[in-house]
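Each chain, letter by letter, is given below.
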Amino acid sequence: MAGNGDESREFSRCEALTSAQLDLALGRSNVIHAACSWAPASRTFLSRSHTLVRYRMADDDKTVGKPAKNSETNR
C-alpha cells in the first residue's frame, strides 16, 4: 500500500542515466532504477538531470562547429 489514506503524489522520472552510469554513481552493480525522497537534495538532482538532458540535446542535429551552408568563407 502506497501513501497515507487518500494522499497521492506525482512522480518525476529521470531517464538520463544508463544502468552502467547508475552503477558508478551509487557504487553498486546491476542498478536498474533508484528512488529519491521528497527532500531538497532530490529536487536538486532532478533539476541537474534536466540540465544534463538539455545539454545532451543541444547538438542533436550535429551542427555545432560546422559552418552554416550559406556562409561565405574568407580567403
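Rules used in this analysis
- Residues numbered from 1 in each chain as written.
- Predicted model: local features only at pLDDT ≥ 70, side-chain atom pairs only at ≥ 80, totals over all residues.
- Heavy atoms only, no water.
- Helix = DSSP H or I, 4+ residues; strand = E, 2+ residues; numbered from the N terminus.
- Buried < 20%, exposed > 50% of the residue type's maximum accessible area, 1.4 Å probe, protein only.
- Areas by Shrake-Rupley, 256 points an atom, 1.4 Å probe, with all protein chains shown as cover.
- Contact = heavy atoms within 4.5 Å.

Caption draft 1: Looking closely at the overall build of the protein chain. Summing up its helical and strand segments, the protein chain has two helices and zero strands in all. Counting over 75 residues, the protein chain shows a buried share of 8%. If you sum the accessible surface of the protein chain, you get close to 7500 Å²; carbon and sulfur atoms cover 53% of it.

Caption draft 2: Quick peek at the side chain of S42. With respect to the helices, strands and loops of the structure, S42 is situated in helix α2 (residues 40-57). Other than its neighbours up to four places away in sequence, S42 contacts C36 and S37.

Caption draft 3: Structural view of unusual backbone geometry. Positive phi is not limited to glycine here, since N30 has a value of about 60 degrees. With respect to the helices and strands, N30 occurs in the loop between α1 (19-26) and α2.

Caption draft 4: Looking closely at the side chain of S49. When you line up the elements, S49 lands in helix α2. When its relative accessible area of 8% is taken as the criterion, S49 is described as buried.

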